[in-house]
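Observations on chain architecture
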Amino acid sequence: RHKFWETQPVGQFKDIGNSSLPEGPIEPPTPLSEVKQEPYNLPNLYEWVTCDINSEEMCDEIYNLLANNYVEDDENMFRFNYSKEFLRWALQPPGYFKSWHIGVRVKSSKKMVAFITGVPARIRVRDEVVNMAEINFLCVHKKLRTKRLAPVMIKEVTRRVHLENMWQATYTAGVVLPTPIATCQYWHRSLNPKKLIDVGFSRLGARMTMSRTIKLYKLPESTVTPGFRKMEIHDVPAVTRLIRNYLSHFSVAPDFDENDVEHWLLPRENVVDSFLVESPQTHEVTDFCSFYTLPSTILGNQNYSVLKAAYSFYNVSTVTPLLQLINDALIVAKQKDYDVFNALDVMQNDAFLKELKFGPGDGKLHYYLYNYRLRHALKPSELGLVLL
Ligand code: NHW
Ligand code: EN5
């Protein structure tokens, strides 16, 4: 069934429920001298390229490959449209390796036709902090699909991760592979219901008119929590403490330090937005919420070409009720003209999704670990990790 994945150190379907297998690495590290020194062979017409995401030309090529060939929904109505600024952010966290930004070109024309990336992250799995690669942006041009290029891309990124003495990875996908550590549900909160309905992202509910629907999703003009403001650079230590403490409650979560928080959570226009609550009395930072910006191209609509979506990232509430905190995030997203606010049912998101009028989407997101076994699959609420 899975000719490639059967050969890889990942949990196999046949082992599900076999509680005698130990939790932890599936295979031990090999000496670095035994890691293959040359890249894997590509079909003869193609060549590897290590991408310099800071080069304007390369960033353009990667952007265009993804904008035309990356992830679509199951009815091919929308395609993710990661911005160049977003890609630069996603691919250059603290300690990133340029060698993990891997492209494939056609030798003759130099056209970029495939891509895969890794970035380093410390991921805690139960009590163990593991140096991992987060793998993302695997993409093969539509005209080169089903030629078994993806397994070569995956083996090559694995080799380059091994060369940095890392032996585990995490990734998410909309498809089921051997074998998910958790399966999460996408939820969507309409901010601009008329547009969402016009472009086929959502439908008018039964016994609902357009004007009733618009009223249903109306939000206040401005946020309600006293002390709610944008995160600033001087907040990094306080936000790091808040987030580290919160994430310690989940089975799988990133082990963020101050450098990570500065990179991943300090606001960047049209990339990541973060807000916190500074107590007007004590000036303590008590609550935090964030979302990242990932528009989708609307395929074949006369009136609209882009859907502006915010994706819930990391949220922590200690004083402000979570519902009120996320409602304020919805209000700022609406002010900033987002059409929809998306969230997964990870962490404690279950506690606000229904009450804040999110509805379940038609997409699921499966989480995976490479070369690390868990005895049981996790509930989404046990996951403290959001990938881009
Ligand atoms: S998930 C988004 C993936 N990208 C897309 O969906 C974009 C649109 N689709 C495409 O570009 C986020 C192609 O369809 C792709 C497959 C390239 C997906 N993950 O070349 P073949 C990520 O980026 C397996 C993993 O003929 P194709 C996460 C498939 O099961 N494997 O297919 C990426 C089959 O293997 P099997 C996937 O359609 C994580 C084989 O590929 C997959 O032309 C990567 C078929 O290959 C997916 N999303 O190209 C793993 N989709 O065994 C990282 C299909 O079943 C692992 N396949 O025969 C860790 C590495 C680092 C380790 C370090 C220690
Ligand atoms: C890893 N970093 O399917 C990336 N999105 O529900 C790979 N559906 O937007 C992850 N089909 O349900 C890939 N509207 C997995 C995601 C791939 C993209 C995807 C889904 C997630 C999605 C929308 C549009 C469906 C269009 C037809 C959807 C319903 C919204 C409605 C709003 C009102 C309340 C009820 C729900």
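Given the structure is predicted, the values throughout are model-derived calculations rather than measurements.

Points about the overall build of the protein
- Within the protein, the secondary structure is distributed over nine helices and 17 strands.
- On C-alpha atoms alone, the protein measures out to a radius of gyration of 21 Å, which is about the 21 Å that the 2.2 N^0.38 rule sets for 388 residues.
- Dimensions of the protein along its principal axes, counting C-alpha atoms only, are 60 × 50 × 45 Å.
- The buried share of the protein, reckoned over its 388 residues, is 55%.
- In the protein, the share of contacts with a sequence separation of at least 24, taken over all contacts with a separation of at least 6, comes to 75%.
- Within the structure as shown, the protein displays about 18,400 Å² of accessible surface, and the carbon and sulfur contribution to it stands at 50%.

What to know about the site of ligand 2
- As a matter of local geometry, ligand 2 sits amid 22 residues, with Asp73, Glu75, His188, Asp362 and Leu388 nearest to it.
- Side-chain polar atom of Asp74 to a nitrogen atom of ligand 2: 2.8 Å apart, as the coordinates give it.
- Side-chain polar atom of Glu75 to a nitrogen atom of ligand 2: 2.7 Å apart, as the coordinates give it.
- Relative to its unbound accessible surface of 870 Å², ligand 2 loses 85% to contact with the protein.

Remarks on the nonpolar core
- With 80 residues, the main nonpolar core has Leu265, Phe313, Tyr314 and Tyr367 as its most contacted residues.
- Here this core spans two domains, and each of domain 1 (5-172) and domain 2 (183-382) adds at least three residues to it.
- Beyond its immediate chain neighbours, meaning those up to four positions away, Leu265 contacts Met231, Val239, Ile243, Asp260, Ser274, Phe288, Ser290, Phe313 and Tyr314.
- Among the nonpolar cores identified, the runner-up in size contains 30 residues, and Leu42, Leu149, Val157 and Ala169 belong to it.

Brief notes about the sheet that holds strand β2 (residues 78-80)
- In space, the three strands of this open sheet follow the order β2-β12-β13, with antiparallel pairing throughout. Taken across any chain shown, the strands that pair with only one partner, and hence form the sheet edges, are β2 and β13 (306-307).

Focus: the domain arrangement of the protein
- The assigned domain composition of the protein is domain 1 (5-172) and domain 2 (183-382).
- Each of domain 1 and domain 2 has a C-alpha centre, and the two are 26 Å apart.
- The interface is formed by 46 residues belonging to domain 1 together with 47 residues belonging to domain 2.
- At the boundary of domain 1 with domain 2, total buried surface from both sides reaches about 4,400 Å², with 57% on carbon and sulfur atoms.
- Among the residues of domain 1 in contact with domain 2, Phe78, Trp89 and Arg124 are the three that bury the most area, contributing 19% of the side total.

Considerations on the site of ligand 1
- Residues in close proximity to ligand 1 total 32 residues, the closest being His2, Trp5, Leu138, Thr146 and Ala150.
- Within the backbone of Phe4, a nitrogen or oxygen atom sits 2.8 Å from an oxygen atom of ligand 1.
- A distance of 2.8 Å is found between a nitrogen atom of ligand 1 and a backbone nitrogen or oxygen belonging to Leu138.
- Secondary-structure elements contributing two or more residues to the shell around ligand 1 are β5 (128-140), α3 (149-162) and β6 (168-173).
- For the shell around ligand 1, the element with the most residues is α3, which contributes seven residues.
- Across the shell around ligand 1, the residue classes tally to 20 nonpolar, eight polar and four charged.

Concerning α3
- The first and last C-alpha atoms of α3 sit 20 Å apart over 14 residues, in line with the 20 Å expected at 1.5 Å per residue.
- Of all 14 residues that make up α3, twelve are buried, and the element is covered over most of its length.
- Taken as a whole, α3 has its buried residues at Leu149, Pro151, Val152, Met153, Ile154, Glu156, Val157, Thr158, Arg159, Arg160, Val161 and His162.
- Along its buried surface, α3 packs onto β1 (46-50), β3 (101-106), β4 (112-125), β5 and β17 (359-370).

A word on the packing of aromatic side chains
- Per the counting criterion, the structure on display carries 26 aromatic pairs.
- Both rings, one in Phe313 and one in Tyr314, keep their centres 4.8 Å apart while their planes meet at 55 degrees; by these two values the pair is tilted.
- Aromatic ring contacts, followed pair by pair, group Tyr70, Phe80, Tyr82, Phe86, Trp89, Phe137, Phe256, Trp264, Tyr292, Tyr311, Phe313 and Tyr314 into a single cluster.
- Taking the ring centre of Tyr63 as reference, the NZ or CZ of Lys84 above it sits at 5.7 Å.
- Lys308 extends its terminal NZ or CZ atom over the ring of Tyr338, reaching a point 4.3 Å from the ring centre.

Some remarks on the pattern of salt bridges
- Tallied over the full model, the rule gives 22 salt bridges.
- A network of salt bridges, in which partner residues are shared, links Arg122, Arg244, Asp255, Asp257 and Asp260.

Observations concerning the environment of Asp339
- With respect to the element layout, Asp339 can be found in the loop between α8 (322-335) and β16 (340-344).
- For Asp339, the side chain forms a polar contact with the side chain of Lys195, separated by 2.8 Å.

As for the pairing of strand β11 (residues 285-293)
- The element β11 is extensively covered by neighbouring structure, given that nine of its nine residues are classed as buried.
- Relative to β11, strand β10 (residues 272-278) runs antiparallel, the two being bridged by seven bridges. Of the residues in β11, the one forming a bridge with Glu278 is Val285.
- Taking the residues between adjacent antiparallel strands as the criterion, β10 and β11 are bridged by six residues, where His283 takes a positive phi near 65 degrees.
- When β11 meets strand β15 (residues 316-317), the two strands line up antiparallel, connected through two bridges.

Focus on the side chain of Arg159
- Secondary-structure assignment places Arg159 in helix α3.
- Classification of Arg159 as buried rests on a relative accessible area of 6%.
- Looking at Arg159, its side chain comes within polar contact range of the main-chain oxygen of Lys36, at 3.0 Å.
- Arg159 has contacts with Val35, Lys36, Gln37, Glu38, Pro39 and Tyr40, leaving out every residue within four places of it along the chain.

Cut-offs applied
All residue numbers here refer to positions counted from 1 along the written sequence of the relevant chain. The naming scheme follows written order: chains are lettered A onward, ligands numbered 1 onward. Reporting in this predicted model follows two pLDDT cut-offs: at least 70 for local features of residues, and 80 or more for side-chain atom pairs to be given and counted; totals over whole chains, interfaces and linings ignore these cut-offs and use all residues. By convention in this description, side-chain values take in all heavy atoms of the structure and omit both hydrogens and water. Think of it this way: any DSSP run of H or I at least four residues long counts as a helix, any run of E at least two long counts as a strand, and we number them from the N terminus. Throughout, radius of gyration means the C-alpha value; the globule benchmark is 2.2 Å times the number of residues raised to the power 0.38. Remark: exposure states derive from per-residue accessible area (1.4 Å probe, protein chains only) relative to the maximum for the residue type, with buried under 20%, exposed over 50%, and partly exposed in between. For this analysis, residues touch if any pair of their heavy atoms sits within 4.5 Å. The Shrake-Rupley method, run with a 1.4 Å probe, gives the accessible areas here. Residue values count only the displayed protein chains as cover. Residue proximity to a molecule or strand is established when one non-hydrogen atom of the residue lies within 4 Å of it. Polar contact criterion, stated in full: a pair of N or O atoms within 3.5 Å, where within protein one must be able to donate a hydrogen and the other to accept it, and residues adjacent in sequence count only if both atoms are side-chain atoms. Only buried residues count toward a nonpolar core, which is a set of Ala, Val, Leu, Ile, Met, Phe, Trp, Tyr and Cys residues joined through side-chain atoms within 4.5 Å. Domain boundaries shown here were taken from an automatic or database domain assignment. For two strands to count as paired, DSSP must find a minimum of two bridges between them. Buried area: the accessible surface (1.4 Å probe) lost by two parts on joining, summed over both. Gly falls in the polar group here, along with every residue not listed as nonpolar (Ala, Val, Leu, Ile, Met, Phe, Trp, Tyr, Cys, Pro) or charged (Asp, Glu, Lys, Arg). In this scheme, a helix's expected span is set at 1.5 Å multiplied by one less than its residue total. Ring pairs shown here join Phe, Tyr and Trp side chains whose ring centres sit within 6.5 Å, with only the six-membered ring taken for Trp; geometry is labelled stacked below 30 degrees between planes, edge-to-face above 60, and tilted in between. Either the NZ atom of lysine or the CZ atom of arginine qualifies as a charge over a ring when it sits within 6 Å of the ring centre and within 35 degrees of the ring normal. Salt bridges are identified by distance alone: a Lys or Arg side-chain nitrogen within 4 Å of an Asp or Glu carboxyl oxygen.

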